[in-house]
Each structure stands twice: as structure tokens, then as C-alpha cells.
Amino acid sequence: MNTTIPGLGFHHIALRASDFDRSVAFYRDALGCPVVAAWGEAPRRVAMVDLGDDGRIEIFESPYCGKRIAAEFLGEWFHFAMRTENADLAYSRALEAGASSVTPPKDVDIQSDPVMPVRIAFVGGPDGEVIEFFQLR
């Protein structure tokens, strides 16, 4: 619990998608994240999907999306993690839906105090975004 700013917590992360329909279908159908809000008209649609615990991904349609020069990536998030009870299942479902493998599921003991035993896996989503599936063991 955050005691500095009461109620502070994760709400959403924004994704600029080159193929809006493909990205919405990936998160909705393959990963089971229902669309909880949608607005706008092509080519500027937006959809918000719920990860299952009110954490959300806000997907922006962007027909102009493409890889930018490296300097423009400074200050951007390089992956986001989804909490899960089964990293292997999440990884498999994502691959079945067309994601690319970045790191297959593996057990890791994060050397924190106390040590945090986790099972993690990473995939590349429809636009190359890196998604981590994070399971406490």
C-alpha cells in the first residue's frame, strides 16, 4: 500500500498499435482481456482492455506507427508485466495467437530481501511490445 499517495496503484499502460483490430483481438481473445471501454472512429480508435484486476491496457489506433530512431525511445517503458497464476499457460496462449517468444517460462529467485521466487516468461506482442508474464511461486 502506498502511504505517500493514498490509493495510488497501476491503472493502465498505453500501446500504440499499427493494426488496431489485430491488437484488440490478441488481448481480448487470446489473453481473455475484455474490452471495457472504446471510443473514436478510424483512424483514431481507442480501446481499453481489462487485465482481470482492473489493471488496463489502452490501445490506440495508429496507422502511422512504425519504428522510430533510437534517440526517440529515451524515457519510454521497455516492457510491461502482467501478474498471472500460470505463466506457462499465458505464454502458450500468447504464442498460439501469434506472439513471438522472447524468453520461455523459467523459474527465477529474485535476489530481493526477502528472496522472491517467481516463474516468468516474455513474449513479443503484435507490435513488438515486450510482455512479461509474472507468477509468484
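Residues numbered from 1 in each chain as written. Predicted model: local features only at pLDDT ≥ 70, side-chain atom pairs only at ≥ 80, totals over all residues. Heavy atoms only, no water.

Some points on the sheet that holds strand E2 (residues 35–39)
Read across the sheet, four strands follow the order E1-E4-E3-E2 without closing on themselves; strand pairing throughout is mixed. The open sheet has two free edges, formed respectively by strand E1 (12–17) and E2, since each of these has just one partner strand. If you compare each strand with its neighbour and ignore which way they point, the axes differ by 20° on average. (Pairing = 2+ DSSP bridges. Helix = DSSP H or I, 4+ residues; strand = E, 2+ residues; numbered from the N terminus. Axes fitted to C-alpha atoms, helices over the stretch in contact; angles between N-to-C directions.)

Description of the sheet that holds strand E8 (residues 130–136)
Read across the open sheet, the four strands follow the order E5-E8-E7-E6; overall the sheet is mixed. Strands at the two margins of the open sheet, each flanked by one partner only, are strand E5 (80–83) and strand E6 (100–110). Ignoring strand direction, the axes of neighbouring strands in this sheet form an average angle of 25°. Relative to strand E7 (residues 116–124), E6 runs antiparallel, the two being bridged by eight bridges.

Concerning the pattern of salt bridges
Pairing between side chains of opposite charge can happen when the charged atoms of each approach one another. All chains considered together, the criterion is met by 11 salt bridges. Among the salt bridges present, the one from Asp 21 reaches Arg 45, with a minimum N-O distance of 3.1 Å. Pair noted here: Asp 21 is in helix H1 (residues 20–30) and Arg 45 is in the loop between E2 and strand E3 (46–50), with a separation of 24 residues, a long-range link. Judged by relative accessible area, Arg 45 falls into the partly exposed class, the value being 23%. As a salt-bridge pair, Arg 137 and Asp 107 come within 3.5 Å of each other at their nearest N and O atoms. Linking Arg 137 in the segment after E8 with Asp 107 in strand E6, this pair joins segments that are 30 residues apart in sequence. Relative accessible area serves as the criterion here: at 46%, Arg 137 is assigned to the partly exposed category. Here the salt bridges share partners, and the residues they tie into one network are Asp 88, Asp 107, Asp 109, Arg 119 and Arg 137. (Salt bridge = Lys/Arg side-chain N within 4 Å of Asp/Glu carboxyl O. Buried < 20%, exposed > 50% of the residue type's maximum accessible area, 1.4 Å probe, protein only.)

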